[in-house]
Amino acid sequence: MLEVEGLVRTFGAVEAIAGLDLSVAPGDCLGLIGPNGSGKTTLFNVVTGVYPPTAGRIRLDGEDIGGSKPDRIVNRGIARTFQNLRVFERMTVFENVWAAQHRRGDVAPRELLFARPSAERARRAEIDALLERAGLADRRDILAGGLPLPDQRRLELVRALARGPRLLLLDEPAGGMTPAETEGMAALIREAAIPGRGCIVIEHKMEMIRELCDRVCVLDFGRKIAEGSPDSVLRDDRVIEAYIGREVGDDA
C-alpha cells in the first residue's frame with residue numbers, strides 16, 4: 001500500500017529524514033518509535049503533503065504522491081491524527097466529525113449543503129455509530145473544547161475514521177493518558193482502526209506498541225537503525241543506546 005524509498009527531508013543544513021525506506025501493506029500495523037527529534041512526525045508531515053520531500057519517493061498503491069498537496073493525498077485515502085490536538089474547540093463533538101466529511105471522495109460539497117434526507121440520515125447514523133464505539137455518544141452535543149484530553153484524543157481518532165481511510169497515521173494517540181486510559185485507547189485502535197486498513201503508530205509507550213504492532217521501525221537522527229518484531233527491536237543494542245545512551249565506562 002505505502003512504499004517509502006530513499007526518503008530525504010532537509011531543513012537548511014539539518015537532515016530530518018535521511019535516506020529512509022519503509023513499507024506498509026494492507027492489514028499491517030507498523031510502530032514508529034525513536035527519541036524526541038528523531039524524525040517521526042516529520043515523516044508523517046512529508047507523507048501527508050505538509051512538507052515536500054527533498055529527495056526520494058513516496059508511493060501509495062504504486063502511484064507517486066511525493067510533493068502532492070495535502071487535499072489530494074487525503075482524497076487518495078490517507079488520514080491522520082496529531083500529536084498536538086487539532087479539534088475544533090467551538091464546535092460540538094458531532095460537528096467535529098461531520099466536518100471531516102467535507103473532503104471525502106464519495107461526498108461532494110453540494111451534498112453537504114443540500115443533502116438528500118436519506119443520505120444525510122445515513123451519514124449521521126454512521127457518525128453516531130463511531131461515537132458510540134469510542135465511548136463519546138453521550139458527549140455528541142457538547143463543545144469539543146470542554147472535553148478532557150483522553151476524550152479529545154478519541155475524538156481525533158473518530159474524526160480520522162469518519163473519512164473511511166485505507167491508511168491511518170496515528171501520532172502519539174495515547175499522549176498524556178493514564179495507564180487505564182491508554183489501555184482503552186489501545187483497545188479502540190485494535191478494534192476500530194486497524195482492521196481492513198494499513199496503520200502506522202507513533203508512540204513512546206512500549207507496551208502499547210507491543211500490543212498493537214506486528215512490526216516496529218526505529219528512527220534516530222532521521223535514520224532507520226532497526227526494524228523487526230517488537231520484542232526483537234526492543235532488545236536491539238542500537239535501540240537501547242538511542243533511548244538511554246551508554247553507561248559510563250562502556251567502550252566508545
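Keep in mind it's a predicted model, so treat the numbers as computed, not measured.

A.B. asks: Honestly, the packing of helix α6 (residues 149-161) against helix α7 (residues 179-193) in this entry has me stumped. Any pointers?
C.D. replies: Running from N to C, α6 and α7 point in directions that differ by 10°, and their axes come no closer than 11 Å. Considering their axes alone, α6 and α7 lie roughly parallel with respect to each other. In contact with Pro150, Arg153, Arg154, Leu157 and Leu161 of α6, α7 contributes Glu181, Met185, Leu188, Ile189, Ala192 and Ala193. For the contact of α6 with α7, a count of residues per class yields eight nonpolar, no polar and three charged.

A.B. asks: I would appreciate a short explanation of the sheet that holds strand β5 (residues 63-64) in the present structure.
C.D. replies: Strand-to-strand pairing in sheets goes through backbone hydrogen bonds, with the strands running parallel or antiparallel. With respect to topology, four strands assemble into an open sheet ordered β2-β1-β4-β5, the strand pairing being antiparallel. Pairing within the sheet leaves two strands with one partner each, and these edge strands are β2 (14-24) and β5.

A.B. asks: Explain the side chain of Thr42 to me, please; I cannot follow it from the model alone.
C.D. replies: Positionally, Thr42 belongs in helix α1 (residues 40-47). Non-local contacts of Thr42, meaning those with residues more than four positions away in its chain, are made with Arg9, Phe11, Ala16, Ile17 and Tyr51.

A.B. asks: Please explain the side chain of Thr182 as it appears in this structure.
C.D. replies: If you trace the backbone, Thr182 turns up in helix α7. Overall, the relative accessible area of 9% leaves Thr182 in the buried class. Not counting chain neighbours up to four residues away, the residues in contact with Thr182 comprise Ala174, Met177, Lys205 and Met208.

A.B. asks: Is there a simple way to think about the state of the cysteines in this case?
C.D. replies: Disulfides are covalent bonds that connect the sulfur atoms of two cysteines. All chains considered together, the criterion is met by zero disulfides. No disulfide involves Cys213; its sulfur sits 3.9 Å from the nearest other cysteine sulfur, which is in Cys29. The thiol sulfur of Cys217 is not disulfide-bonded, and the nearest other cysteine sulfur, from Cys213, lies at 11 Å.

A.B. asks: What am I meant to see in the nonpolar core here?
C.D. replies: Buried together is how nonpolar side chains tend to be arranged in soluble globular proteins. Among the nonpolar cores identified, the biggest contains 48 residues, and Leu131, Leu155, Leu157, Leu168, Ile189, Leu212 and Val218 are the most heavily contacted of them. Sorting elements by how many residues they give to this core places α7 first, with six residues. Not counting chain neighbours up to four residues away, the residues in contact with Ile189 comprise Leu157, Leu170, Pro173, Ile194, Pro195, Met208 and Leu212. Of all hydrophobic cores here, the second largest spans 25 residues; its members include Val24, Val46, Ile200 and Cys217.

A.B. asks: I would appreciate a short explanation of the pattern of salt bridges in the present structure.
C.D. replies: Side chains bearing opposite charge may pair, as long as their charged atoms lie close to each other. On inspection of all chains with the given rule, the structure shows 19 salt bridges. Note that Arg154 is salt-bridged to Asp151, the shortest N-O span being 2.2 Å. Placement of both Arg154 and Asp151 in helix α6 is noted, with a separation of three residues, approximately one turn of the helix. Judged on exposure class, the residue Arg154 and its partner Asp151 are both buried. A cluster of three or more residues bridged by salt bridges with shared partners is formed by Asp28, Arg215, Lys224 and Glu227.

Cut-offs used in this document
Numbering of residues begins from 1 in every chain and follows the order in which that chain's sequence is written. Reporting in this predicted model follows two pLDDT cut-offs: at least 70 for local features of residues, and 80 or more for side-chain atom pairs to be given and counted; totals over whole chains, interfaces and linings ignore these cut-offs and use all residues. Only heavy atoms go into the side-chain values, all of them from the structure, while hydrogens and water stay out. Where helices are involved, their axes are fitted lines through C-alpha atoms of the stretch in contact, as for all axes, and angles between N-to-C directions lie from 0 to 180°. Put simply, DSSP H or I for four residues or longer makes a helix, DSSP E for two residues or longer makes a strand, and each gets a number counted from the N terminus. Should an angle lie under 35 degrees it is considered roughly parallel, over 145 roughly antiparallel, and from 65 to 115 roughly perpendicular; all remaining angles are considered oblique. The contact criterion used throughout is that any non-hydrogen atoms of two residues lie within 4.5 Å. We call Asp, Glu, Lys and Arg charged. Ala, Val, Leu, Ile, Met, Phe, Trp, Tyr, Cys and Pro are nonpolar, and the rest, Gly among them, are polar. A pair of strands is labelled paired if DSSP reports no fewer than 2 bridges between them. The classification of residues rests on relative accessible area computed with a 1.4 Å probe and restricted to protein chains. Under 20% of the type maximum is buried, over 50% is exposed, and intermediate values are partly exposed. Counting rule for disulfides: a pair of cysteine sulfur atoms within 2.5 Å. The definition of a nonpolar core used throughout is a set of buried Ala, Val, Leu, Ile, Met, Phe, Trp, Tyr and Cys residues joined through side-chain atoms within 4.5 Å. Salt bridge, as used here, is a side-chain nitrogen of Lys or Arg placed within 4 Å of a carboxyl oxygen of Asp or Glu.

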